[in-house]
Each structure stands twice: as C-alpha cells, then as structure tokens.
Amino acid sequence: TGTITSGEIHMVDLEVLEGSDTEDAERLLGALVRSAEDPNPTLLAIGERCHDDPGWKLLDTVAFSSARKWSAAAFDTGGERVAVYLGAPEYLAPDDPVVAEVVSRRALLGQRVVLVATAVQLAGESLPVGLRPKAVVALEDEIRPDAGEILGYFVDQGIDLKVISGDHPDTVAAVARRAGVPGAETGTDARTLPTDPAELGEVLESTVVMGRVTPQQKQAMVIAQQQRGHVVAMTGDGVNDVLALKDADMGIAMGAGSAATRAVAQLVLLDNRFSVLPVALAEGRRVINSVERAANLFVYGTVYSVLISLVISLIGTDFPFLPRHLTLVRALSVGIPGFFLALAPDPRRARPGFLNR
C-alpha cells in the first residue's frame, strides 16, 4: 500500500473504548509521540493531533517491529508507572469482541486502525498479561492521483498485480479498490496462508489482496511465484520489504523509503513517483525486442552469405561479389535497417526462446 498511496497519512478519528475517555487516550498518545526519537509515519500522523506532552518521565521503550506489529514505552507519571502499547489490534487484543467490531467497521471504510493499550509494566518483546485496550486510532492513506491509470496500464500489459501489506486485510482491500486494482473485492489474512511454497504459490494464483503480511511472508510469496515460472517485480518503501526486494527479479524502492530498502533495490525511484514505472517497463521491452530484431537481421545476413559461398563452391565458378559489393549489401540489408529498428518502440512482452523462433 505504501506504493499506491502518497505516503501522507492522516489521523481521522480517535474512538475511545469502555473504561477510558478522550483526554486520557490523547495523553497516552502524546507521551508515545514524544518518546520516539525517530517516529514512523503512523506516529507522525498521530502527533498532528495528539501533540501535547504530559510531562511523564520515559523509563524504557520497545521499538516497533514488523513481525510483532506493535511498539511500546514505559513511563513514570509522577505517582505510578504505566506501559503504553500501540499496534495492530489483532495482535494486542486478539480475543476482544468490542475491539474486533470497531476494527471491522473502520477497515470497511478503508481506514488503517491501530490500538492503544496499557499495562503495569513492559515485558520485553513479549506482550504482558492483563493488557487493557484504551482507544482505537483511525488513520487514512491518500491514494496517488495517477495510481489508477498506472495500474490499469500494467493490467493491459498482461501483468498480474498483488497487493501485500501489514495492515488489516479489509483496509488493504479498500485501498486497492480505490486505486483500481482488479480482483480486490476482499482481502485475505496472511496468517491463514500455508507455509509450504508449492501450496502458497497455488493460493497466490487466485488471491490478489493480502493483509497482516510479515516480512518473511513477503519473501516467501516472491519465491513461491518465481518457482511457478513468474518473473516478479516487488515495490516497497519500508524495512519490512527488504527481504522480498532482495529476492525479487526486480526490486523497486521508493525514493522516500528507508535507507535499507534503497540499498538492496535494483531500481530506486528518486523522485518518489510511481508513474515512471510504465516508462521503465516500455523502455525495457523496447531494448530487449530491438536486440532480437537487430539480431535477426544479422542472422539473416550471415545465412545468405554462407549459402552464396556454398552454392559458388558447388558450381565451381568465381565468386560474383567484390568486398565493396558485400559492404554495400550489408549496409542496405543489415546496418541501416538495424539502426532504425533499434530506435523503434515495441511494447510486446519479452519472451524467451530466441533461437527457436
């Protein structure tokens, strides 16, 4: 989703849960925002609204992880200690029906949802017992204005599109529908996907949108598609995309993405514009197809030269051409046509098997 959205995330609502109030939830979020040395886009969006610092003393933090899907920080509020957790509701409160109802309702609107919860203290990289949900934060991504046109071009060129994201499946599906991705009626929870590469490849053939995907699953999806004979291009902007970008046939990183993502990618969109990809695809196809067309001319030229030599040898007569004649024939039949063929556009999909053709 980071590829088809502009990267501008905005907080659209704060829905408090039973036992909490808006002021309390905003204090918790304000403390989290202030505790982050390098806030991610989600925290930056929350900070636009919840920017007041309650003045709590920061005791410890647990950085966000794409595998865990949450981050946390512990504070001394001046009389007691509290640990504040922020992350995916399915991980922080998997069995809470109230939270599940709110998440489902928000996801159908295409909103990203994160849960704020508290505990007495941190438990390292594990979730503590007795985690109390406090509020649900609704965020919204802005679709790139040219996303529909670009994705439509890819579909017309015979490219299968898959949208994989760490967000809620319904949210990802709603964003994909707004961007015009075919087959994005529903989203699949990646936690239900098989781990066997062969089985995963079969599922991916009929599945377009997947949410709650871990970095390891993104990598497995790329490998599973490659094993089924597909050439896979992977676009991404976050650290959680690094594994998949590295194994893809073409790793494409957004210029505004993380340094690690740009380091492993084969193509970096420096101006962060997704719209250059159709140009890159067209240029790649033109180069490959032009090489084949020019090579065909050289093969033809070589074949008729060999045939003339064989025929003259069998007849036993003098060779009918002088070197300057061959130069002229080659220029007219190979050199000049090859020059223009190399520059001509050719949108055909590149295919293996040049020698057979």
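This is a predicted model, so every value here is computed, not measured. (Residues numbered from 1 in each chain as written. Predicted model: local features only at pLDDT ≥ 70, side-chain atom pairs only at ≥ 80, totals over all residues. Heavy atoms only, no water.)

Draft legend 1. Structural detail: the overall build of the protein. Of the regular secondary structure elements, the protein holds 12 helices and 12 strands. Counting only C-alpha atoms and orienting by the principal axes, one finds that the protein spans roughly 110 × 35 × 35 Å. Considering the protein as a whole, with its 357 residues, one finds that 43% of them fall into the buried category. When contacts within the protein are restricted to residue pairs at least 6 apart in sequence, those whose partners lie at least 24 apart make up 59%. (Helix = DSSP H or I, 4+ residues; strand = E, 2+ residues; numbered from the N terminus. Buried < 20%, exposed > 50% of the residue type's maximum accessible area, 1.4 Å probe, protein only. Contact = heavy atoms within 4.5 Å.)

Draft legend 2. Up close: the packing of helix α5 (residues 147–156) against helix α11 (residues 277–315). Following both chains from N to C, one finds α5 and α11 inclined at 25°, their axes separated by 10 Å at the closest point. Here α5 is positioned roughly parallel relative to α11, judged by the angle of their axes. Only Leu277, Pro278, Leu281 and Ala282 of α11 make contact with α5, whose side of the interface consists of Ile150, Tyr153 and Phe154. Across the contact of α5 with α11, the residue classes break down as seven nonpolar, no polar and no charged. (Axes fitted to C-alpha atoms, helices over the stretch in contact; angles between N-to-C directions. Parallel < 35°, antiparallel > 145°, perpendicular 65-115°, else oblique. Nonpolar A, V, L, I, M, F, W, Y, C, P; charged D, E, K, R; others polar.)

Draft legend 3. Structural context of the sheet that holds strand β10 (residues 233–236). Pairing is parallel across the open sheet formed by three strands, whose spatial order is β10-β11-β12. Strands with a single pairing partner mark the edges of an open sheet, and in this sheet they are β10 and β12 (267–269). Across the sheet, the mean angle separating the axes of adjacent strands is 20° when strand polarity is ignored. Relative to β12, strand β11 (residues 250–254) is paired through three bridges, and the arrangement is parallel. Within the sheet, the bridge partner assigned to Met254 lies in β12 and is Leu269. (Pairing = 2+ DSSP bridges.)

Draft legend 4. Highlighting the environment of Thr235. Locating Thr235 in the fold gives a position in strand β10. When the C-alpha positions of Thr235 and Val163 are compared, they lie 9.9 Å apart, and in sequence the two are 72 residues distant. In this structure Thr235 touches Thr3, Leu245, Ile252 and Leu277, once residues within four positions along its chain are discounted.

Draft legend 5. Quick look at the sheet that holds strand β8 (residues 188–189). Pairing is parallel in the open sheet, where three strands are placed in the order β7-β9-β8. Edge positions in the open sheet fall to β7 (163–164) and β8, since each of these has one partner strand only.

Draft legend 6. Molecular detail of the pattern of salt bridges. All chains considered together, the criterion is met by 18 salt bridges. Arg273 is the salt-bridge partner of Asp271, the closest N and O atoms lying 2.9 Å from each other. In this structure, Arg286 engages Glu283 in a salt bridge whose closest nitrogen and oxygen atoms are separated by 2.9 Å. A residue pair is termed a helical-turn pair when its members lie 3 or 4 positions apart in one helix, as Arg286 and Glu283 do in helix α11 at three residues. Among the charged side chains, a network of salt bridges with common partners joins Asp13, Glu15, Glu101, Arg105 and Arg106. (Salt bridge = Lys/Arg side-chain N within 4 Å of Asp/Glu carboxyl O.)

Draft legend 7. Focus on the packing of aromatic side chains. Per the stated rule, a full pass over the model turns up six aromatic pairs. A ring pair is formed by Phe339 and Phe340, whose centres lie 5.3 Å apart and whose planes are at 85°; its orientation type is edge-to-face. A relative accessible area of 54% places Phe340 in the exposed class. Three or more aromatic residues joined by ring pairs form one cluster here, namely Tyr153, Phe154 and Phe274. Between the NZ or CZ atom of Arg68 and the centre of the ring of Trp70, over which it lies, the distance is 4.6 Å. (Phe/Tyr/Trp six-rings, centres within 6.5 Å; stacked < 30°, edge-to-face > 60°. Lys NZ or Arg CZ within 6 Å of the ring centre and 35° of its normal.)

Draft legend 8. The arrangement of the nonpolar core in detail. Counting 24 residues, the largest nonpolar core has Leu29, Ile46, Leu86, Val137 and Leu139 as the members making the most contacts within it. Top element by residues in this core is helix α1 (residues 22–35). It accounts for six residues. Contacts of Leu29, omitting those with residues within four sequence positions, involve Leu14, Ile46, Cys50, Leu86, Val116 and Val137. (Core = buried A, V, L, I, M, F, W, Y, C linked by side-chain atoms within 4.5 Å.)

Draft legend 9. Structural view of the packing of helix α7 (residues 197–206) against helix α8 (residues 215–227). Remark: α7 packs on α8, axes separated minimally by 8 Å, with the N-to-C direction vectors making an angle of 85°. For the element pair α7 / α8, the angle class is roughly perpendicular. Judged by residue contacts, Pro197, Leu200, Gly201, Leu204 and Glu205 of α7 engage Ala220, Met221, Ala224, Gln225 and Gln227 from α8.

Draft legend 10. Structural context of α8. Between its first and last C-alpha, α8 extends 19 Å over 13 residues, near the 18 Å set by a 1.5 Å rise per residue. Along α8, the positions that sit buried rather than exposed are Pro215, Lys218, Met221, Val222, Ala224 and Gln225. The inward-facing, buried residues of α8 abut β7, α7, β9 (209–211), β10 and α9 (242–247). Residue Gly229 follows α8 closely and has a positive phi angle near 90°. (Expected span 1.5 Å × (residues − 1).)

Draft legend 11. Spotlight on α5. When α5 is considered as a whole, its buried residues turn out to be Ala147, Ile150, Leu151 and Phe154. When α5 is viewed along its axis, its buried side chains cluster within an angular range of 95° and face the same direction. Away from the buried face of α5 by more than 90 degrees, exposed residues Glu149 and Asp156 are located. Among the structural elements, β6 (132–143), α6 (169–179) and α11 are those in contact with the buried residues of α5. (Arc of directions from axis to C-beta.)

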